[in-house]
Structures are given as C-alpha cells and as structure tokens.
Amino acid sequence: GAARGPPALAFAREEDKELRQRFMAPPVSGLRELRRRRRELRSRMELLIMETQAEVCRALAALDPGASFAVDTWERKEGTREPRGERRAAAPRARAPLGDPAPVALAGGGGISCVLQDGEVFEKAGVNVSVVSGLLSEEAARQMRSRGKSLKAKDGKLPFCAMGVSSVIHPKNPHVPTMHFNYRYFEIEEADGTKQWWFGGGTDLTPTYLNEEDAIHFHKTLKEACDKHDLKLYPKYKKWCDDYFYIKHRGERRGIGGIFFDDVDSPSKEEVFQFVKSCAKAVVPCYIPIVKKHCHDSFTPEEKLWQQLRRGRYVEFNLIYDRGTKFGLLTPGSRIESILMSLPLTARWEYMHTPPESSKEAEILEVLRNPKDWVH
C-alpha cells in the first residue's frame, strides 16, 4: 500500500483523540492494533465492550453528580499480573473471564475497572472490562468439555482469547432496583488451526419492592432488542435467566429476571455479534429511566431494612451459585477485589425473618418464587 503521509498521520491522531474521549481509559489491545484489525470480530467486540462501559458509566455518573468513578487499569503478562493504573492495590483481575464459568491459565491482556462507591444515588456501582488471551488451563478445558465442547489440543495446549464487560449496580434507595449485566466473547484455537467461538451474557433486574410498571418497561426493552433478530430469542433467554438465577436453598429467584444466554455460536458469528450489540445497547434504556423515576422517592427505615435482607440473598446467590464468582475464587492467584466487586457495600441476615401476609414484602417474594410473564 501507499506510504502513510502527513494527512494519514493527522487522521490517525484525530481518531486516537476521539477514541480516548469515547472510552473510560485506553483500550487493552491499544488503539493502533484495534485500528489495524478493525474488520476482525475480536476488535469490534473489544470496541463494543469499551463503548458499553463508557455509556453506562456516563449515564450513572449523570444521575449521581457528587460521586465519581475510580478507574483502575490493569495488565496481565504470561505468568504475572501488573496494574498499569496508579491505584495498584485495587487493580483487579479478570473474573475467569467476566462470568465465563471456567478458570483460565495465566495470560496476557488486561482490563479496566470503573467503580463508584458511596454516592448519593448509588451505594456501589462497578463496570468491568476484561480482554485476556493465553493458554487454557487443564481445569478450564475440562469444564468446557463438560459443557459439550469437543476441544482438540495440540501438545496439550489450547490458545484462547476472551473478553467481556460486566456490571453490578446497587442503589441506596430501596425503591430503585439493583441491576446486573454481562456480555462476553470466547475464542479457542484447536490443534488443526480451526477456531471455536461463542458468546454469552444477559441483563437482569433485582428489585427490593415490586413495581409492575418498571418490570414491564425493563422486560419490554430487552424483548425489543431480542425481537430485532429472532422472535424466539426473548422467551428462550427469559426462561434461561429465571432458571439460572435460582437460589436453590431458598426456593427463590435472585430477582425478576431479564435475559441470560451462554455458548451461543449460531446462526453465524456476525449475526450473534449483532444480537449481542443490540442487547448491550439496551442496558441504558432498560434501566436508567427506572433509576430516574425512583431515586428521590421517600422511604422508611423498615423499607431500608428489607432492602438489606434482600441484599443478603444477592450475596448468597453470588457466592454459592454464580459460576463466574465460584471459579474465579478457585483459580490460583486471582484478584479477589475484582471477583467480589459484584457484592453490595452493605447487607443483612436476620434469624427467621418472615414478612407479614399481604405486605409489599410478601408481594415481591411471591414473584421471586413464581416468575411472571411481563410482556404478554
């Protein structure tokens, strides 16, 4: 190709500046590399998770102007882990990676964690991006094979690349629900050079008190995102979400659901990417209007207490059942701060607490025990 003269360099500089303004921190793979491989799905997915992180952080910060996000950037080199941000102690590690249920070998890459704590509106809001690559550990390969993946290793080695964006938002006001979302991509190269790939993710809502209007808005927004691609997706992924976020020992769901999917590798890479993009773009519109509507609602000490008890359930699910958390904790040398970022700042457990019949507290319990169809 032609040599890059001054106009091309000036354009590249402008583009770099524009990307820096768009994101919370420079992308893990570097702007030059992303630009060089801009047509590859890996690069497009990294740009999507970076954009999603920035969109969500800016939308949250606009609602809580007194608070700000601490931004931690961290790096992983093969066998070592070095934060490249200044807040060394808090620099996190990929959570196997961001919800994928298998621990990975130490690898290259890194990530960006944005955390807002103790604001006026949000008690704790975290949005994590992770982009890692390297060789899959034996344990990871075993886990993936147990989920039906036939992985043929070359000399016992399986190169992989994984990336995702993950977030949990815990508001202060008990009338504003907690929200979680996660979108990720995984790629593995087999012995013969063929690549296996899949996407996973979802968005779900955990209210302290049931507001039917909010539940309908949340589910309708997600359904619209799914329906652009295939009318069968929303009912399928809504059920998957209700089944996944089930606290077995309590007989309750963690929240009122949303969508959840994993190991999705059809109809084609491009079509699944476009679907994931639609879901990621639905995060702000499905949740931010609910926060705006309720963040100044008045609440009683009793309502705050019920929120703390429900937060206890959130902790129980995340520590006992959540696959990403569980395997992150079992992976040697993992960065615990990042894995436990999803936990609320405060929670409570009371012995034998049962809400009175026909109370607002009993109403949400009924929905958690028997999930509802919110869109038909």
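These figures come from a predicted structure and were not determined experimentally.

Reading the values: the criteria
Position numbers for residues start from 1 in each chain and track the written sequence from start to end. At least 70 in pLDDT is required for a residue's local features to be given in this predicted model, at least 80 for side-chain atom pairs to be given and counted, and no such filter applies to totals for whole chains, interfaces and linings, which use all residues. The side-chain figures draw on all heavy atoms in the structure; neither hydrogens nor water molecules are used. Where helices and strands are cited, they refer to DSSP runs of H or I of at least four residues and of E of at least two residues respectively, numbered from the N terminus. Two residues qualify as a contact provided that any one of their heavy atoms is within 4.5 Å of a heavy atom in the partner residue. For the accessible areas, the method is Shrake-Rupley and the probe is 1.4 Å, while residue cover comes only from the protein chains on display. Take the buried residues of types Ala, Val, Leu, Ile, Met, Phe, Trp, Tyr and Cys, join any two whose side-chain atoms come within 4.5 Å, and each joined set is a nonpolar core. Relative accessibility under 20% of the residue-type maximum defines a buried residue, over 50% an exposed one, and the middle range a partly exposed one, all with a 1.4 Å probe and only protein chains included. The reported arc concerns the directions from the helix axis to the C-beta atoms and nothing else. Classification of ring pairs rests on two measures: the distance between centres of Phe, Tyr or Trp rings, Trp counted by its six-membered ring, which must be within 6.5 Å, and the angle between planes, read as stacked under 30 degrees, edge-to-face over 60 and tilted in between. A side-chain nitrogen of Lys or Arg and a carboxyl oxygen of Asp or Glu constitute a salt bridge if their distance falls within 4 Å. Here the expected length of a helix is defined as 1.5 Å per residue gap, with one fewer gap than residues. Note on definitions: angles span 0 to 180 degrees between N-to-C directions of axes, and those axes are lines fitted to C-alpha atoms, for helices only across the stretch in contact. By definition in this entry, angles of less than 35 degrees are roughly parallel, angles greater than 145 are roughly antiparallel, angles of 65 to 115 are roughly perpendicular, and the rest are oblique. Just so you know the grouping, Ala, Val, Leu, Ile, Met, Phe, Trp, Tyr, Cys and Pro go in nonpolar, Asp, Glu, Lys and Arg go in charged, and all remaining residues, Gly too, go in polar.

**Student:** Just to check I follow, could you spell out the overall build of the chain for this structure?
**Tutor:** Looking only at helices and strands, the chain has twelve helices and ten strands in total. Relative to all contacts within the chain whose residues are 6 or more apart in sequence, the contacts with residues 24 or more apart total 74%. Total accessible area computed for the chain in this model is approximately 17,000 Å², and 53% of it derives from carbon and sulfur atoms.

**Student:** Could you clarify how one ought to interpret the nonpolar core in this entry?
**Tutor:** Generally speaking, soluble globular proteins have nonpolar side chains that are buried together. Ranked by internal contacts, the top residues of the largest apolar core, which has 74 residues, are Phe122, Tyr183 and Tyr287. Residues contacting Phe122, with those up to four places away along its chain left out, are Leu60, Leu63, Asp64, Leu116, Ile169, His170, Pro171, Lys172, Tyr287 and Val291. Of all hydrophobic cores here, the second largest spans 13 residues; its members include Ala141, Met144, Phe186 and Ile188.

**Student:** Just to check I follow, could you spell out helix 12 (residues 360–369) for this structure?
**Tutor:** Residues that lie three or four places apart on an α-helix share one face, since the helix turns once every 3.6 residues. Where helix 12 is concerned, the buried positions are Glu361, Ile364, Leu365, Val367 and Leu368. End-on, the buried residues of helix 12 take up no more than an arc of 160 degrees, which puts them together on one face. In the core, the buried residues of helix 12 are packed alongside strand 9 (252–253) and helix 9 (301–320).

**Student:** Any chance you could explain unusual backbone geometry here in plain terms?
**Tutor:** For the bond from Ser266 to Pro267, the omega torsion is 10 degrees, close enough to zero to count as cis. Topologically, Pro267 is positioned in the loop between strand 10 (257–264) and helix 7 (269–281). The phi torsion at Asp118 lies on the positive side, around 55 degrees, for a residue other than glycine. Checked against the element boundaries, Asp118 lands in the loop between strand 3 (107–117) and strand 4 (122–135). A positive phi angle, close to 65 degrees, is found at Ser358, a residue other than glycine.

**Student:** Looking at this structure, I do not really get the packing of aromatic side chains. What am I missing?
**Tutor:** Each aromatic ring pair is described using two quantities: the centre-to-centre distance and the angle formed by the ring planes. Overall, the coordinates contain 17 aromatic pairs when judged by the stated rule. An angle of 40 degrees between the planes, with centres 6.2 Å apart, marks the rings of Tyr183 and Phe261 as tilted. Note that Tyr183 is positioned in strand 6 (residues 178–189) and Phe261 in strand 10, a separation of 78 residues in sequence. By relative accessible area, which is 1% here, Tyr183 ends up buried.

**Student:** Sorry, what's going on with the pattern of salt bridges here?
**Tutor:** Close approach of charged atoms allows side chains with opposite charge to pair. According to the stated counting rule, one finds 29 salt bridges in the structure shown. Here Arg311 ties to Glu123 by a salt bridge, and the two come within 3.1 Å at their closest N and O atoms. Here Arg311 is found in helix 9, whereas its partner Glu123 is found in strand 4, with 188 residues between them in sequence. There is no split in this pair, since Arg311 and Glu123 are both buried. Residue Lys238 pairs with Asp242 through a salt bridge whose shortest N-O separation is 2.8 Å. Taken together, the residues Lys238 and Asp242, both in helix 6 (residues 233–244) and four residues apart, mark about one turn of the helix. The structure contains a network of salt bridges with shared partners spanning Arg22, Glu51, Glu55 and Lys281.

**Student:** What is the right way to look at the environment of Glu138 in this model?
**Tutor:** Locating Glu138 in the fold gives a position in helix 4 (residues 138–146). Residue Glu138 is classed as exposed on the basis of its relative accessible area, which comes to 52%. C-alpha of Glu138 to C-alpha of Leu158: the two residues are 20 residues apart in sequence and 9.2 Å apart in space.

**Student:** Sorry, what's going on with helix 9 here?
**Tutor:** With 20 residues, helix 9 extends 29 Å from end C-alpha to end C-alpha; this agrees with the ideal 28 Å at 1.5 Å per step. Counting buried positions over the 20 residues of helix 9 gives 14, a clear majority of the element.

**Student:** Quick question: what am I supposed to make of the packing of helix 3 (residues 41–63) against helix 8 (residues 283–294) here?
**Tutor:** The description of two helices packed together rests on the angle between their axes and the distance between the axes. Look at helix 3 against helix 8: their axes get within 11 Å of each other, and the N-to-C directions meet at 10 degrees. Judged by the angle between their axes, helix 3 and helix 8 are roughly parallel. Residue-level inspection shows Glu55, Val56, Ala59, Leu60 and Leu63 of helix 3 in contact with helix 8, the latter providing Val283, Val284, Tyr287, Ile288, Val291 and Lys292. Classifying every residue of the contact of helix 3 with helix 8 by side-chain character gives nine nonpolar, no polar and two charged.

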